[in-house]
Amino acid sequence: MDNRDAVSSFLRSRRERITPEQAGLPTYGQRRVPGLRRGEVATLAGVSVEYYTRLERGNLRGVSDSVLDALAQALRLDATERMYLYDLARAAGPAPGARARKREVRPAVRPSVARIVEGMSGMAAFVMNNRLDALAANPLGRALYSEMYADATCGANVARFAFFSPAARRFYTDWERMARFAVGALRVEAGKSPYDRELSNLIGELSTRSDAFRVMWGSHDVHVFRDSTKRLNHPLVGDLELDQETMSLPDESGLSVVVYSAPPETAAEDGLKLLASWSATTGQEQHAQSTSKPSTRQP
């Protein structure tokens, strides 16, 4: 389960997207391959062709930070891609057994974090792990993603919902953009944790069951969820344009708090208020039904 294939495919995909003109290199005659040649990347990075060839074959073990920086500059990597390259290099170092043992303990949502999320009124809030599982959510969060929670095949996982549930393509107004972000986020996590068995199983499941995921995964694009605007089409309240903020917890759990909010005095704010009211009413009805059931105990 080493990461040589991921390293090789990533470096090659980044090399092939850059033209000689973009890199400031002269071109002569017809080129049989897209993008830069290996020798051109080596020249730009200040390393030998033999050394770069070794790197592109997937061997990043022992590569210095200065070489990684030069490689990132030569391949015109953005901040997220540069971080991914460093993660790949770090993952190539430690022994697989030690890294696998580190992932045996599943991070749990601390009670204090659960209370914070639960107390965020007027905002949909979740606690997510590195596999895009929603480990906890407040009532408005569950109401916002009601179709995901209603679909047993999703397992409260955003990636499964995006690629397996027909409802997702209507729920996400820009489904392809969101789907690519989800794939890119999983790609980043796979670079950090190539020996995470549950993550590998999820990626394998998505690749096997979804052609769309398989194509997007093959692009080797990476993404980190931070802040963005989400355009959603909820079956009850219609179109919502919400601000999304993702805040990583300051520990080693890898968990994040994801919050959807609406600017004041907007249609989206009205929609969230309606959704919160519906959620509260539904919760009260379910509680009343559960407490009104006749007792099955014998007198």
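All residue numbers refer to positions counted from 1 along the written sequence of the respective chain. A pLDDT threshold of at least 70 governs which residues receive local features in this predicted model, and a stricter bar of 80 or more applies before side-chain atom pairs are shown or counted, although totals over entire chains, interfaces and linings include all residues. With hydrogens and water set aside, each side-chain value is computed from the structure's full complement of heavy atoms.

Participant: Which parts of the structure should I look at to understand the nonpolar core?
Facilitator: Soluble globular proteins tend to pack their nonpolar side chains together in the buried interior. Counting residues in hydrophobic clusters, the biggest one holds 48 residues, and the most contacted among them are Leu144, Tyr145, Phe163, Tyr172, Leu186 and Leu242. When residues in this core are grouped by element, the largest group, 8 residues, is from helix 13 (residues 175-192). In this description, a nonpolar core means a group of buried Ala, Val, Leu, Ile, Met, Phe, Trp, Tyr and Cys residues linked to one another through side-chain atoms lying within 4.5 Å. Note on classification: 1.4 Å probe, protein chains only; a residue is buried when its accessible area is under 20% of the maximum for its type, exposed when over 50%, partly exposed between these limits. Counting residues in hydrophobic clusters, the runner-up holds 28 residues, among them Leu11, Val41, Ala42 and Tyr84. Put simply, DSSP marks the helices as runs of H or I at least four residues long and the strands as runs of E at least two long, and each gets a number from the N terminus on.

Participant: What exactly am I supposed to notice about the packing of aromatic side chains here?
Facilitator: Centre distance and the angle of the planes are the two values used to describe a pair of aromatic rings. By convention, a stacked pair of Phe, Tyr or Trp rings (six-membered ring in the case of Trp) has centres within 6.5 Å and planes under 30 degrees apart, an edge-to-face pair has planes over 60 apart, and any other such pair is tilted. Tallied over the entire structure, the rule returns 13 aromatic pairs. For the pair Phe163 and Phe213, a centre-to-centre distance of 5.3 Å together with 90° between the ring planes defines the contact as edge-to-face. Highlighted residues: Phe163 in helix 11 (residues 158-164) and Phe213 in helix 15 (residues 211-217), separated in sequence by 50 residues. Note on Phe163: relative accessible area 12%, which makes it buried. With centroids separated by 5.7 Å and ring planes inclined at 15°, the aromatic side chains of Phe213 and Trp217 adopt a geometry described as stacked. Highlighted residues: Phe213 and Trp217, both in helix 15, separated by 4 residues, approximately one helical turn. Three or more aromatic residues joined by ring pairs make a cluster, and in this case those are Phe126, Tyr145, Phe161, Phe171, Tyr172 and Tyr260. Note on geometry: a ring has a charge over it if NZ (lysine) or CZ (arginine) is within 6 Å of the ring centre and within 35 degrees of the ring normal. The ring of Trp175 has Arg169 lying over it, and the distance from NZ or CZ to the ring centre is 3.7 Å. Here the basic side chain of Arg209 rests over the ring of Phe164, its NZ or CZ set 3.8 Å away from the ring centre.

Participant: What is the right way to look at helix 13 in this model?
Facilitator: Helical periodicity: at 3.6 residues per turn, an α-helix aligns residues three or four positions apart in one direction. Given the number of residues in a helix, its expected span is that number minus one, multiplied by 1.5 Å. Across its 18 residues, helix 13 extends 26 Å between first and last C-alpha, which sits within 8% of the 26 Å expected from 1.5 Å per residue. Extensive coverage of helix 13 is indicated by the burial of 13 of its 18 residues.

Participant: Honestly, the packing of helix 1 (residues 4-16) against helix 6 (residues 79-91) in this entry has me stumped. Any pointers?
Facilitator: A pair of packed helices can be characterised by two numbers: the angle between their axes and the separation between those axes. In this analysis, axes come from line fits to C-alpha atoms, helices being fitted only over the stretch in contact, and the angle between any two N-to-C directions falls in the range 0 to 180 degrees. Between helix 1 and helix 6, the least distance of the axes is 11 Å, while the angle of their chain directions is 150°. In terms of orientation, helix 1 and helix 6 fall into the roughly antiparallel class. When you trace helix 1 past helix 6, the crossing you get is left-handed. Touching Ala6, Val7, Phe10, Leu11 and Arg14 of helix 1 are Glu81, Tyr84, Leu85 and Leu88, all from helix 6. When grouped by side-chain class, the residues that make up the contact of helix 1 with helix 6 number 7 nonpolar, no polar and 2 charged. For classification purposes, angles smaller than 35 degrees are called roughly parallel, those larger than 145 roughly antiparallel, those between 65 and 115 roughly perpendicular, and all remaining angles oblique. Should the near helix be turned anticlockwise from the far one by less than a right angle, the crossing is termed left-handed; should it be turned clockwise, right-handed. In what follows, a contact means two residues having at least one pair of non-hydrogen atoms within 4.5 Å. Three classes are used: nonpolar for Ala, Val, Leu, Ile, Met, Phe, Trp, Tyr, Cys and Pro, charged for Asp, Glu, Lys and Arg, and polar for all others, with Gly counted as polar.

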